[in-house]
Amino acid sequence: MSLDLPPVAPAVTAELVQGLTPRLRKRLDAGVTKLAGRPSVRDGDTVRIAVDDDTHLELHAPGGTVTSTDAIRCGCLLAPDCLHRAAAASAAPIADADADSDPQSEPEPGPQSIPDSANKALSTAPQPTSPTEPETPTPDQRAAAQAMYDAAAAVLEAGTDGAGAVLQAELLRAAHTARISGLPRIAASAVAVVTQLRAARRADPAYRLAELTAALREVLVTAHRLPGSTGSELATLRGTARQPYAPDGSLRLYGLFSEPVLTATGYAGAVTWTADAEGRLYTVSDVIPGGPGRAVGAADRAVRIGDTALTHRELSRAGLAVSGATVSPTGRLGAGAGVRAVRASGAAWREDPLAGLWELPVADQVSRALTGGDGLLFLDVTLTGTVREAAGDCLLAHCDGLTLRLAAAHDHPALPYRDNLRLLSAAPGTRLRVVARLDPSPLPRALLLATDHPRDPGAHLDLGLDRLQHADLPAPAMAPAGSSPAPDEAPLHLLRRRVHQAASAGRRVLAFPGDSATDSRRLGRYGLACAGDLLDELHSAAADRSRDVFGRLVPADVNRFAHAWLAAAHYTEEVDRSLCAAAWGADPALPPAP
């Protein structure tokens, strides 16, 4: 998309598309494509697009966001019910639902926030009549969950090629309804699905099929479970619109590392991780809508906490003394007016108190990451070589008796992750202390975030921000290892690839004549009989088309196919989680660390 359009609220896009006649809806995708090639000019809060020589389209975005249908104006004869307004809204990025910036309740990067109407709905929602009676969803929430399920099932039925602007608008409408009903979690997931669909349809290099599949699965499973949930399960499925910040007194923090943030949903910035003397982790973030340039430059911006002038890069190597601290449940530090922070001395990774992070057994760290932790692993590794994967080369390393694969945390060329891994692969035998993020896989695999300096153990490198040089590397201590032998893996990919194919190409790709019995039998030989049954049901649901008394095909049973796909997607995720725990020797049922 070449246009530089302001973000548009989901409800605005949904309303404009709904107002189109059936004839114009059929032309909407072509209108979006045509609009992308037209010249545009930004003048303050207004963007003007030359639809043709005589017609101009205006998007008025006070505060940077289009929040009403009246803010999109067109000069053509069919306005305001013209195709151009809906096409512009469908082409623009999706805006946050709430743009306020209360320093005590800043939204986490990416998730959507609920507007005042949703807060009112939450405050007026029926309460349990007695302490022993569990809370249940309201009728509005049940209706919103059903509408969301139907919209997501229609997207799954069509696939990315068929899920054009009309189906996207239906999903955005369902997201708006869910948000005002007090269901921010599923609303944010639906917006993520639309963002991934748009990236897929415009061939964005940042698009990942696995991310679309995960977002679609999240929407369907939440909508499926929510109507029958109660108590704590209901609270989890509802989610929270904004992270609550609680007072935490005074903190003495030590910088660990910084990482750049660059998401497919249009957010960019930096997050710096710190720890206190007991090993609890806290983050200071600066993530707002932006692109690669902001992800690269945010590390040199001052952190937004207290009056300190430390940049993110400096904080990752220094310390911070905070008074009046406020902290979210995820460990994010608030930046309210009552927070005071000054620079303090830091600590090296091999010194107390940070050294204690590397003393926890690796299996326990993995269990914590698999059961709701922050996902970080603190590892001592010895580099042994490289191994080629479909997405590129990975570092091979020995760690606690395991052969570990260390991959780049982000593939964008503006970030130095991939270049740094390539340099590290030239120094087999080097012992390093690293910070990585668990990447669930049947093999021990993690995304490398930071490492201590190969020649100076007292310093460390943030691999997404700092660039290694050849002079930083020691001489190789051993010959580079050859490619590791292919492991004997359970063939779960036979089911996973069908799940991904359906998310990409829709039901029709699995409805073609074919025999899934061979794959089912192979899954059964590996003890995955349930996976074989799910594969058979997925193909059967996709091909289930009957005819009426006149021999005409009746509409497909969308709900049956959606249920079959959801069961297969959920099964593969849980099996992947179990295989990941087994690969690391961890216990996936271990409760998360406090």
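About the thresholds
Residues numbered from 1 in each chain as written. Predicted model: local features only at pLDDT ≥ 70, side-chain atom pairs only at ≥ 80, totals over all residues. Heavy atoms only, no water. Buried < 20%, exposed > 50% of the residue type's maximum accessible area, 1.4 Å probe, protein only. Helix = DSSP H or I, 4+ residues; strand = E, 2+ residues; numbered from the N terminus. Pairing = 2+ DSSP bridges. Axes fitted to C-alpha atoms, helices over the stretch in contact; angles between N-to-C directions. Parallel < 35°, antiparallel > 145°, perpendicular 65-115°, else oblique. Contact = heavy atoms within 4.5 Å. Nonpolar A, V, L, I, M, F, W, Y, C, P; charged D, E, K, R; others polar. Salt bridge = Lys/Arg side-chain N within 4 Å of Asp/Glu carboxyl O. Expected span 1.5 Å × (residues − 1). Left-handed = near helix turned anticlockwise from the far one by under 90°. Arc of directions from axis to C-beta.

Description of the pairing of strand β12 (residues 402-408)
- Extensive coverage of β12 is indicated by the burial of five of its seven residues.
- The pairing of strand β11 (residues 392-399) with β12 spans five bridges and is antiparallel. Across the sheet, residue Ala397 finds its bridge partner in β12, namely Leu404.
- As defined by bridge partners, β12 adjoins strand β14 (residues 445-452) across four bridges and the pair is classed as parallel. Residue pairing across strands places Ala407 opposite Leu447, the latter belonging to β14.

Overview of the packing of helix α3 (residues 28-36) against helix α4 (residues 83-91)
- Where α3 meets α4, the axes come as close as 9 Å, and the angle between the chain directions of the two elements is 70°. As judged from the angle between their axes, α3 and α4 are roughly perpendicular. Packed against α3, whose contacting residues are Leu28, Gly31, Val32 and Leu35, the element α4 presents Leu83, His84, Ala86, Ala87, Ala88, Ser90 and Ala91 at the interface.
- Across the contact of α3 with α4, the residue classes tally to eight nonpolar, three polar and no charged.

Quick look at the sheet that holds strand β9 (residues 340-344)
- Strand order in the open sheet made by the five strands is β7-β6-β5-β8-β9, with antiparallel pairing throughout. This sheet does not close on itself; its edge strands, each paired only once, are β7 (281-289) and β9. Going across the sheet, the axis of each strand differs from the next one's by a mean of 35°, ignoring polarity.
- Bridge count between strand β5 (residues 246-262) and strand β8 (residues 319-327): seven bridges; the pairing is antiparallel. The residue of β8 that forms the bridge with Ala246 is Val327.

Focus: the pattern of salt bridges
- Counted according to the given criterion, the structure contains 32 salt bridges.
- In this structure, Glu58 and Arg48 form a salt bridge, with 3.0 Å as the shortest nitrogen-oxygen distance. Here Arg48 lies in strand β2 (residues 46-50) and Glu58 lies in strand β3 (residues 56-60), a separation of 10 residues in the sequence.
- A relative accessible area of 32% places Arg48 in the partly exposed class.

Section: helix α8 (residues 184-201)
- Helix length check: α8 (18 residues) gives 26 Å between terminal C-alpha atoms against 26 Å at 1.5 Å per residue, within 8%.
- Most of α8 sits out of view: 14 of its 18 residues are buried.
- With its phi angle positive at about 55°, Ala203 sits one or two positions after the end of α8.

Here we look at the packing of helix α1 (residues 10-18) against α4
- At a minimum axis distance of 9 Å, the contact between α1 and α4 shows a crossing angle of 150°. Relative to α4, α1 is oriented so that their crossing is left-handed. Each of Thr13, Leu16 and Val17 in α1 lies in contact with α4, whose residues at this interface are Arg85, Ala86, Ala89 and Ser90.
- Grouping the constituent residues of the contact of α1 with α4 by class yields four nonpolar, two polar and one charged.

Points about helix α10 (residues 231-238)
- Looking at α10, one finds that the buried residues are Leu234, Leu237 and Arg238. Taken around the axis of α10, the buried residues stretch over an arc of 100°, which confines them to a single face. Set apart from the buried face of α10 by more than 90 degrees, the exposed residues are Ser232 and Thr236.
- Looking at the packing, one finds that the buried side of α10 touches α6 (139-162), α8 and α9 (209-225).

Comments concerning the sheet that holds β3
- Strand order in the open sheet formed by four strands is β1-β2-β3-β4, with antiparallel pairing between adjacent strands. Looking along the sheet, the strands with just one partner apiece sit at the ends: β1 (40-43) and β4 (72-74). Neighbour-to-neighbour, the strand axes of the sheet open up by a mean angle of 15°, direction not taken into account.
- With five bridges joining them, β2 and β3 adopt antiparallel strand pairing. Note on β3: the bridge partner recorded for Thr46 is His60.

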